[in-house]
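A structural walkthrough
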Amino acid sequence: MKLTENTQYVTVAEYRSCITLLRAYNDALYGCCNNDERQGWRARARRQLSKATSFQCHRAKPADFRQFKSACQQLQHSINSVSREGQLINVA
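Residues numbered from 1 in each chain as written. Predicted model: local features only at pLDDT ≥ 70, side-chain atom pairs only at ≥ 80, totals over all residues. Heavy atoms only, no water.

So, the overall build of the chain
Counting its secondary structure elements, the chain contains three helices and two strands. Each helix and strand of the chain, placed in order from N terminus to C terminus, yields the pattern β-α-α-β-α. Each principal axis of the C-alpha distribution contributes one length, and for the chain these read about 40 × 25 × 25 Å. When the 92 residues of the chain are sorted by exposure, 36% land in the buried category. In the chain, the share of contacts with a sequence separation of at least 24, taken over all contacts with a separation of at least 6, comes to 75%. For the chain, the accessible area works out to roughly 6,200 Å², and carbon and sulfur atoms hold 48% of it. (Helix = DSSP H or I, 4+ residues; strand = E, 2+ residues; numbered from the N terminus. Buried < 20%, exposed > 50% of the residue type's maximum accessible area, 1.4 Å probe, protein only. Contact = heavy atoms within 4.5 Å. Areas by Shrake-Rupley, 256 points an atom, 1.4 Å probe, with all protein chains shown as cover.)

Side note on the nonpolar core
If you look at the biggest cluster of nonpolar residues, it comprises 21 residues, and the most contacted ones within it are Tyr15, Leu22, Trp41, Phe68 and Leu75. In this view, Trp41 contacts Tyr25, Ala28, Leu29, Cys32, Leu75, Ser78, Ile79 and Val82; residues no more than four positions away in its chain are not counted. (Core = buried A, V, L, I, M, F, W, Y, C linked by side-chain atoms within 4.5 Å.)

Describing the pattern of salt bridges
Throughout the structure, instances matching the rule amount to one salt bridge. The closest approach of N and O atoms between Arg16 and Asp64, which form a salt bridge, is 3.0 Å. Placement of Arg16 in helix H1 (residues 12-28) and of Asp64 in helix H3 (residues 62-80) is noted, with a sequence separation of 48 residues between them. Residue class for Asp64 comes out buried when judged on its relative accessible area of 7%. (Salt bridge = Lys/Arg side-chain N within 4 Å of Asp/Glu carboxyl O.)

Description of the environment of Arg66
Tracing the sequence through the fold places Arg66 in helix H3. Judged by relative accessible area, Arg66 falls into the exposed class, the value being 56%. As for Arg66 and Ile79, which are separated by 13 residues in sequence, their C-alpha atoms are 20 Å apart.

Have a look at this one:
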């Protein structure tokens, strides 16, 4: 990940917690019952993903970096599958 002016350096524990949180946000989409819930989920997920992409960790292991990248990609894919109005979109 590229460094930006908003880069936040975190501990390994915080980095791993962020991976868990990103996965939880991704899983939460499946609990949404209607467009309003999905619309709210999408907004929260976008904020969390934006925050997470500013994280950097000097001491994380290569496996942590892979898991972080994967969690970010999966959440981004899920976000892309919900319109701004909360409707599900068929994304390839």
